[in-house]
Amino acid sequence: MDEGGLLGGKFLFKKLPDGLLDKTRVRCTICKAEFKYHRSSSSLAYHLRAKHPTESTSTGPRQSTLQEYGACGRITKNVREKVTNSLVVWIAKNCRPVSIVEDDGLREVIRAASGDECYNLPSRGTIVSRLHTLYGDQRAQQSSKLVQVRNVALTGDHWTSVNNDNYLGVMAHFIDNDWTMQSFALTVSKTEERHYAEACADHFLNVANEWKIKDKVTTLGTDSARNMVAAARLLPFEHMPCMAHILQRTVTVSLNDSAFERALAKCRKIVGHFKHSPANAQELKAQQAAHGHQTEPLVQDVPTRWNSTLEMIKRIQRNKFGLTTILTQQNSKVTMLTDQELDRLQKLEELLEPCRYVTELLGGERYVSCSMVLPALCHLFRIMEPSDDDPVYVLRFKKIFTTDLAQRRDSSNLTWLKIATALDPRFKDLKCLSKDERREVWASVHDLLMSETDAHQPSAQTTEEPSPKKSKMSICLLGSPDSDTEEEEDAIDCCLNLYKAEPKIDIGECPLQWWLKREGAHARLAPIARKYLSTPATTVPCERLFSLSGHIIQKKRASLSSDNVNRIVCLSNWLSSAILDTTFVFSIGRGPCDTSNLLVMSQEKQWCAWFQHNFILSRVIYKLLFVHSH
């Protein structure tokens, strides 16, 4: 190619007789045609496309147009809106601070992913405004769910943040028309009054009125604090004490002044010796690796942390050889447990392990738990029965445990628990109750059916038109006024007998699925079952809500307003319906201390509506994503 070529050498400047180049005229190297050149190659390119189309594609590099640059280099307005909305959902769902949009690292990540080097993150004001809009939309969706149901159960508790502010968390629980257990947060509101019973009752009433569900609330679940119990008496709702709090309080009472206290005190000293010294902790890791054990720290028991005493005992038992070696080499004042004390701890572990299973069993919010309370407590009473092989200190622990648990059981809402157990097709034989109690339960269900029937009877409407005169023959044929009542009672008895005749389902099956398939056959009993089975057995859902709040209200975010805290916590709860949940299915054992019959089965929470209808495939995906990764 000559030095003066144009368009990739397809055109050359014309040579003059003296050997110089004429910059005003060019010649086509293909067809030898001459053209005038005025610093623009448009006419030359047109010539190539018209006369030589095969040669017009290789005309060399060119500058991109503005439209081409915008399409390739910068994201469009619609994509930018999607990115902003995704950031809002991410911040709300994962409890990220709004100030994260000022992070240079996040901006560079989005620039690298989108290919737009000029992209800038939205401002904090934009994110806050979108959060408020998202909260309004999500709140409207949750309100529409509450409008479609007849009965709603509430759970509530108080929580203190790191900056010493008190918050009240309230959650709603109900069974929808598809017989699916629904549970979500209503509020995490800041309270400034002292927690007297009247103030607590007013707070719960305000929440119910704000969501327009006061006439639908059936039960209020709280812990057994005196102010909460007194507040529940002032409210027109049934009170459901938290069974997990009751059980853990019984464990604490049984451990106090017991023969296990001395061994537990030594355990606490051993744990403190390794937790307060990084060097000791490193030696423990080396011993665990030498013995082929899993690397794990020791756990200190805390009175307010459920099952922490059991976990402390189990970790010391697993690492007893390594602990003995380290304490012996160090010649420390902290001594290792003796064989007798280790034997006592082993027996205590066998006593506390069923309590842990029951606590986790009753703490779910995505499955029916209220109907499992009485069978679970019956199982614990059976385990705590005295045995001829029990030492004196074990007999004493069992006696204190059963006495305290029986008192707390009797002070709970037994009537509601018994009816819920009867309406669960897994436990409708009521073997956890005596025969007299069974008759009382079915009589209560009979009365509920009568009340349900009376509530749905059409009211008599008076009209101005005179009623037609009845003949003497029709008056004689009329039965007594009690005939309708007798027929109604016969129909109710038939309804109850039909339900009792149904075969009991397996312990691992879902009672809600059973009611979904047989709602038509038990149309009168189904609304009552939906009402009683929707009540959770514990206030653990509120405890989980406070754990979420603790991730939001931190030392660096202590200045968040209470309204923003409420919005972010509720949004995170509403948007996080795809997080894995673990449920525990309870199987009643026969022999004392037989914990092998406590079956634990993992069950996935709803990832989406598609997974609901493809349960087998969802389990396969869960195993691929989680089980094999661990």
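Scope of this entry: the structure provided in the associated data block. Since the structure is predicted, the reported quantities are computational estimates derived from the model, not experimental observations. (Residues numbered from 1 in each chain as written. Predicted model: local features only at pLDDT ≥ 70, side-chain atom pairs only at ≥ 80, totals over all residues. Heavy atoms only, no water.)

Our next topic: the packing of aromatic side chains. Here the structure, examined in full by the defined rule, presents 15 aromatic pairs. Look at Phe11 and Phe35: their rings are 6.0 Å apart centre to centre, the planes differ by 75°, and that puts the pair in the edge-to-face class. With a gap of 24 residues between them, Phe11 in strand S1 (residues 11-15) and Phe35 in strand S3 (residues 34-36) connect regions that are remote in the sequence. The exposure class assigned to Phe11 is buried, which follows from its relative accessible area of 0%. Exposure remark for Phe35: the relative accessible area of 22% places this residue in the partly exposed category. Taking 5.1 Å as the distance between ring centres and 85° as the angle between the ring planes, the aromatic pair formed by Trp514 and Trp515 counts as edge-to-face. Assigned by exposure class, Trp514 and Trp515 land together as buried. Through pairs of rings, three or more aromatic residues link up here, namely Trp179, Trp442, Tyr499, Trp514 and Trp515. (Phe/Tyr/Trp six-rings, centres within 6.5 Å; stacked < 30°, edge-to-face > 60°. Helix = DSSP H or I, 4+ residues; strand = E, 2+ residues; numbered from the N terminus. Buried < 20%, exposed > 50% of the residue type's maximum accessible area, 1.4 Å probe, protein only.)

Where helix H13 (residues 339-362) contacts helix H14 (residues 373-383), the two axes come as close as 11 Å, and the packing angle between them is 180°. The orientation of H13 with respect to H14, classified from their angle, is roughly antiparallel. Across the interface between the two elements, Pro354, Cys355, Val358, Leu361 and Leu362 of H13 pack against Val373, Ala376, Leu380 and Ile383 of H14. Looking at the contact of H13 with H14, its residues break down into nine nonpolar, no polar and no charged. (Axes fitted to C-alpha atoms, helices over the stretch in contact; angles between N-to-C directions. Parallel < 35°, antiparallel > 145°, perpendicular 65-115°, else oblique. Contact = heavy atoms within 4.5 Å. Nonpolar A, V, L, I, M, F, W, Y, C, P; charged D, E, K, R; others polar.)

Let us look at the nonpolar core. Counting residues in hydrophobic clusters, the biggest one holds 83 residues, and the most contacted among them are Phe397 and Trp515. Looking at which domains feed residues into this core, each of domain 2 (73-242 + 555-588) and domain 3 (248-412) gives three or more. Every residue in contact with Trp515, bar those within four places of it in the chain, is listed here: Trp179, Leu423, Pro425, Tyr499, His522, Leu525, Ala526, Ala529 and Leu533. Core analysis: the next-biggest nonpolar cluster, separate from the first, contains 59 residues, Tyr119, Leu121, Phe184 and Ala185 among them. (Core = buried A, V, L, I, M, F, W, Y, C linked by side-chain atoms within 4.5 Å. Domains from an automatic or database assignment.)

Quick look at the packing of helix H9 (residues 261-275) against helix H12 (residues 320-330) now. Remark: H9 packs on H12, axes separated minimally by 12 Å, with the N-to-C direction vectors making an angle of 75°. The orientation of H9 with respect to H12, classified from their angle, is roughly perpendicular. In contact with Ile270, His273 and Phe274 of H9, H12 contributes Leu323, Ile326, Leu327 and Gln330. Along the lines of polarity and charge, the residues of the contact of H9 with H12 split into five nonpolar, two polar and no charged.

Moving on, we come to the side chain of Thr402. Tracing the chain through its elements places Thr402 in helix H15 (residues 392-410). Among residues more than four places away in sequence, those in contact with Thr402 are Phe381 and Met384.

Turning our eyes to something else, we now look at the sheet that holds S1. As a general point, the strands of a sheet are linked pairwise by backbone hydrogen bonds and lie either parallel or antiparallel. Across the sheet, which stays open at both edges, the three strands sit in the order S1-S2-S3 with antiparallel pairing between neighbours. Because the sheet does not close on itself, it has two edges, and the strands there are S1 and S3. Looking at each pair of strands side by side, their axes are set apart by 50° on average, direction ignored. As paired strands, S1 and strand S2 (residues 21-28) are joined by five bridges and run antiparallel to one another. Residue Lys14 lies in a different strand from S2, and its bridge partner there is Asp22. Running over the sheet, helix H1 (residues 42-51) touches S1, S2 and S3 and is turned about 120° from S1. (Pairing = 2+ DSSP bridges.)

The mixed open sheet is built from five strands, whose spatial order is S6-S5-S4-S7-S8. Two strands close off the open sheet at either side, each with one partner strand: strand S6 (181-191) and strand S8 (238-241). The mean inter-strand angle of the sheet, taken between neighbouring strand axes irrespective of direction, is 25°. In this sheet, strand S7 (residues 217-222) lies alongside strand S4 (residues 152-160) in parallel orientation, the contact comprising three bridges. Within S7, the position partnered with Val152 by the bridge is Val217. Each of strand S5 (166-175) and S6 touches helix H23 (residues 562-575); the most contacted strand, S6, lies at about 170° to it.

Here we come to the pairing of S8. Examined bridge by bridge, S7 and S8 share four bridges and lie parallel to one another. Across the sheet, residue Gly221 finds its bridge partner in S8, namely Met240. Handedness of the β-α-β unit built from S7, helix H7 (residues 226-234) and S8 comes out right-handed. (Right-handed = clockwise from strand over helix to strand, strands pointing away.)

So, about unusual backbone geometry. Despite not being glycine, Lys32 has its phi angle at roughly 65°, a positive value. Its location among the elements puts Lys32 in the loop between S2 and S3. Its relative accessible area of 56% is what places Lys32 among the exposed residues. In this structure, Trp179 is a non-glycine residue whose phi angle is positive, near 60°. Mapping Trp179 onto the fold places it in the loop between S5 and S6.

Turning next to the state of the cysteines. Here a disulfide denotes one covalent bond, and it connects the sulfur atoms of two cysteines. Evaluated as defined, the whole model comprises zero disulfides. Here Cys378 stays unpaired: no disulfide links it, and the sulfur of Cys432, its closest cysteine neighbor, is 5.9 Å away. (Disulfide = S-S within 2.5 Å.)

Taken together, the buried positions of helix H4 (residues 104-114) are Leu106, Ile110 and Arg111. Projected down its long axis, H4 shows its buried positions confined to an angular sector of 135°, all on one face. Exposed and facing more than 90 degrees away from the buried side of H4 are Val109 and Ala112. If you follow the buried residues of H4, they end up packed against helix H3 (77-93). The opening residue of H4, the one whose side-chain oxygen lies 3.0 Å from the backbone nitrogen of Gly105, is Asp103. (Arc of directions from axis to C-beta. Polar contact = N/O pair within 3.5 Å; in protein donor to acceptor, adjacent residues only side chain to side chain.)

Within the structure shown, the criterion is met by 33 salt bridges. Put simply, Glu341 and Lys266 hold a salt bridge, and the shortest N to O gap is 3.1 Å. A residue pair is termed long-range when its members are at least 10 positions apart, and Glu341 in helix H13 and Lys266 in helix H9 qualify at 75 residues. Among the ionic pairs, Arg356 bridges to Glu360, the shortest N-O distance being 3.0 Å. Taken together, the residues Arg356 and Glu360, both in helix H13 and four residues apart, mark about one turn of the helix. The class for Glu360 is partly exposed, based on a relative accessible area of 27%. (Salt bridge = Lys/Arg side-chain N within 4 Å of Asp/Glu carboxyl O.)

Relative to the helices and strands, Thr84 resides in helix H3. In this structure Thr84 comes out as buried when scored by relative accessible area, which is 6%. Sequence separation of Thr84 and Ile127 is 43 residues, and the distance between their C-alpha atoms is 7.8 Å. What Thr84 contacts, discounting residues up to four positions off in sequence, is Pro122, Thr126 and Arg130.

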